[in-house]
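# Coordinates in review
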Amino acid sequence: MTTTLLDVNVLNNYINGEWIDVERTTPVINPATGEAVVNVPLSTKESVDDAVAAAKVAQKEWALVPAPQRAEVLYQVGIIMKERKEHLSKLLTMENGKVLEEARGEVQEGIDMAFYMAGEGRRLFGQTTPAELKDKFAMSVRAPIGVVGIITPWNFPIAIATWKSFPAIIAGNAVVWKPATETPIMAYELAKIYEEAGLPKGIINVVFGSGSTVGDAMVQHNDIRVISFTGSNETGSHIAGECGRQLKKVSLEMGGKNAVIVMDDADLNLAVEGILWSAFGTSGQRCTACSRVIVHENVKEELEKRLLEEMRNLSIGNGMDEAVKVGPIINEAGIEKIKKYIEIGKNEGAKLLAGGHELTDGTYANGNYFAPTLFTDATVDMRIAQEEIFGPVVSLIPVKSFEEAIEVNNSVTYGLSSSIFTKDVNQVFKAQRDLDTGIVYVNAGTTGAEIHLPFGGSKGTGNGHRDSGVQALDVFTEWKAIYVDYSGKLQRAQIDVD
Ligand code: UN1
């Protein structure tokens with residue numbers, strides 16, 4: 001093993017407050033260097049069964065702890081995360097590849113989520129409402145669901161874990177968590193932080209392993225009553241099918257094909273900055289990444305010119321180097337997918353203006369690097385303008401009007417994020433109304449959601465639920481309506497109304 005940042009060579013599962021050794025493991029590879037950094041367990045169904053059994057027992061007690069006291073643990077989690085921000089960020093860059101500045105941003109997102117959700121411990125608002133009968137009281141409260149399953153992706157291994165586990169825990173549930181096998185270190189570190197913060201044993205359980213074994217065992221388990229998943233549409237729709245058959249609640253957060261619209265009155269320098277950041281930041285490996293630029297024909301040439309100029313200044317390399325702006329792609333499969341789409345784009349007749357190839361020479365030899373890529377003259381029906389690529393590839397689609405821009409934006413099956421650059425206030429408000437995505441930006445790129453707002457998308461991006469924000473509580477609670485009759489007689493609703 002090659003790192004002094006980690007205190008172990010092999011990660012263990014964390015079940016019922018114990019670190020459990022697993023026989024079969026697989027190496028975790030640093031995508032920037034190709035080096036193995038730690039071994040991660042490939043657990044079996046038995047580990048899931050153990051985790052669920054522990055969670056089931058622990059949750060009964062946890063649900064009875066007053067929520068403001070549950071919050072004390074989350075505040076402590078936030079404090080420890082803050083103290084360890086730099087260490088966590090370096091580990092995150094090592095396992096995921098994102099540049100250090102972005103890793104710090106992601107860890108900060110988790111810290112923000114801890115303090116925000118801890119605050120919910122003193123809210124968790126329900127409603128009181130008049131009852132229709134005399135001497136009767138009516139209210140609704142949030143009740144925990146029980147044992148919840150969370151399945152998190154490699155592209156935001158700590159932030160997304162906090163979006164899901166913090167609301168689940170503050171609401172009085174116990175969690176069984178399967179992190180992505182590419183990025184298990186953040187899960188190991190977060191489990192240690194939970195333990196140090198004083199979370200009772202069994203409330204968070206981490207089971208490492210594959211989706212087909214561990215993920216499936218979670219989805220099939222009778223005692224897991226909700227699954228919250230972020231990942232691919234293929235896996236998400238499989239999970240939804242299985243959960244549907246079992247009448248199990250499922251929250252899905254999946255792909256995007258996000259666009260920046262640049263109108264002819266836009267501040268072009270600002271638009272270029274927004275496009276570069278949201279298309280090539282995180283090497284395009286965000287669900288929210290900009291993958292299409294819908295540009296008014298009057299400014300198309302000028303925008304192309306400025307984008308090309310600025311793309312030359314993007315330094316690509318190991319994200320541990322503070323000067324680097326674009327890190328590696330997560331793995332070889334990611335590179336192959338991007339390459340496939342480059343060929344598709346060329347064959348469809350889009351014009352390749354920059355990039356379009358893997359970087360393999362010199363310092364790039366052992367990692368997975370892809371040159372930031374710009375296509376132009378793409379049309380709305382092309383696959384590169386419709387399908388998620390998950391890499392540093394952006395396609396310009398020229399349009400003639402604001403109305404056409406909106407139509408092109410809304411033409412894809414996804415609905416996560418969109419953005420418009422314009423100075424025209426009328427267009428701003430029309431765009432807010434007409435863009436059909438769950439997140440809309442005005443004069444900013446497509447990335448950068450804040451944790452106290454709902455995160456998620458319409459159409460094929462999800463199934464109507466949201467991560468983060470107060471809305472995440474709807475995933476991890478049941479609404480309970482309570483009626484208290486203090487009239488001393490039987491009063492029949494809808495009947496005994498004078
Ligand atoms: C993701 O890509 O799945 O809005 C999460 C953003 C980040 C989160 C992205 N705050 O880009």
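Rules and cut-offs
Every residue gets a number counted from 1 within its own chain, in the order that chain's sequence is written. Where totals are concerned, whole chains, interfaces and linings use all residues; where local detail is concerned, this predicted model gives features only for residues with pLDDT of at least 70, and gives and counts side-chain atom pairs only at 80 or more. The side-chain values count all of the structure's non-hydrogen atoms but skip hydrogen atoms and water molecules. Residue burial is assigned from relative accessible area. The probe radius is 1.4 Å, only protein chains are included, and a residue is buried under 20% of its type maximum, exposed over 50%, and partly exposed in between. In DSSP terms, a helix is any run of H or I states spanning at least four residues, a strand is any run of E spanning at least two, and both are numbered starting from the N terminus. The directions from the helix axis to the C-beta atoms are what the arc is built from. For this analysis, residues touch if any pair of their heavy atoms sits within 4.5 Å. Two N or O atoms count as a polar contact when they lie within 3.5 Å, although within protein this holds only if one can serve as hydrogen donor and the other as acceptor, and sequence-adjacent residues are included solely when both atoms are side-chain atoms. Reported domain spans reflect what an automatic or database domain assignment gives. Buried area: the accessible area, evaluated with a 1.4 Å probe, that two parts lose upon being put together, summed over both parts. Whenever a carboxyl oxygen of Asp or Glu lies within 4 Å of a side-chain nitrogen of Lys or Arg, that contact is scored as a salt bridge. Any residue with a heavy atom lying within 4 Å of a molecule or strand is counted as near it. Note that accessible areas follow from Shrake-Rupley with a 1.4 Å probe, and for residues the cover is restricted to the protein chains shown. Every definition here rests on a 1 Å grid over the protein atoms only: cavities are sets of points where a 1.4 Å probe fits but cannot get out, pockets are open sets enclosed by protein on both sides within 12 Å along at least five of seven lines, and lining residues have some atom within 4 Å of a point. Should more than half of a molecule's atoms lie within 2 Å of a pocket's or cavity's grid points, that molecule is taken to sit in it. Grid points are joined across faces, edges and corners, and a volume is the space filled by probe spheres set on the points. Side-chain classes are defined by residue name, with Ala, Val, Leu, Ile, Met, Phe, Trp, Tyr, Cys and Pro counting as nonpolar, Asp, Glu, Lys and Arg as charged, and the others, Gly among them, as polar.

## Some details on helix α12 (residues 402-409)
- Every buried residue of α12 is listed here: Phe402, Ala405, Ile406, Val408 and Asn409. Buried residues of α12 fall within an arc of 165 degrees about the axis and therefore sit on the same side. α12 presents Glu403 and Glu407 as exposed residues on the side facing more than 90 degrees away from its buried surface.
- Considering only its buried residues, α12 is in contact with β12 (258-262), β13 (290-296), β18 (393-399), β20 (417-421) and α13 (425-434).

## Some remarks on the environment of arginine 104
- Along the chain, arginine 104 turns up in helix α4 (residues 100-120).
- The class for arginine 104 is partly exposed, based on a relative accessible area of 21%.
- Through-space distance from the C-alpha of arginine 104 to that of lysine 85 is 6.9 Å; in sequence the pair is 19 residues apart.
- Not counting chain neighbours up to four residues away, the residues in contact with arginine 104 comprise Lys85, Glu86, Ser89 and Glu322.
- Side chain to side chain, arginine 104 and glutamate 322 meet in a polar contact 2.8 Å long.

## Quick word on the domain arrangement of the protein
- Per the domain assignment, the segments making up the protein are domain 1 (13-254 + 462-481) and domain 2 (258-442).
- Computed from C-alpha atoms alone, the centre-to-centre distance between domain 1 and domain 2 is 31 Å.
- Of the residues lining the interface, 24 residues belong to domain 1; the matching set on domain 2 comes to 26 residues.
- Overall, the association of domain 1 and domain 2 removes approximately 2,000 Å² of surface from exposure, summing both partners, and the carbon and sulfur fraction of that is 58%.
- Counting across the domain 1 and domain 2 interface gives two salt bridges.
- Residue arginine 286 is joined to glutamate 102 by a salt bridge in which the shortest nitrogen-to-oxygen separation is 3.5 Å.

## Details of the site of the ligand
- In the vicinity of the ligand, the residues found are Glu109, Asn155, Phe156, Ile160, Trp163, Arg286, Cys287, Thr288, Thr447, Gly448, Ala449 and Phe455.
- Asparagine 155 is positioned with one of its side-chain polar atoms (N or O) 3.4 Å from an oxygen atom of the ligand.
- Between an oxygen atom of the ligand and a side-chain N or O atom of threonine 288, the distance comes to 2.8 Å.
- Burial of the ligand by the protein amounts to 99% of the accessible area it has alone, namely 320 Å².
- Assessed atom by atom at 2 Å from the grid points, the ligand resides in the second largest pocket.

## A few points about the layout of surface pockets
- Roughly 960 Å³ of volume is contained in the largest pocket.
- Along its surface, the largest pocket is lined by 39 residues, and Trp154, Phe229, Gly231, Ser232 and Thr235 are the ones closest to its centre.
- Elements that contribute at least two residues to the lining of the largest pocket include exactly α7 (211-220), β10 (224-230), α8 (233-246) and α11 (332-348).
- By residue number, the principal contributor to the lining of the largest pocket is α8, which donates five residues.
- Of the residues contributing to the lining of the largest pocket, the split by class is 15 nonpolar, 18 polar and six charged.
- Each of domain 1 (13-254 + 462-481) and domain 2 (258-442) contributes no fewer than three residues to the lining of the largest pocket.
- Taken as a whole, the second largest pocket holds about 340 Å³ of empty space.
- In this structure, the second largest pocket is lined by 16 residues; those nearest its centre are Glu109, Phe156, Arg286, Gly448 and Ala449.
- Elements that contribute at least two residues to the lining of the second largest pocket include exactly α4 and α5 (159-170).

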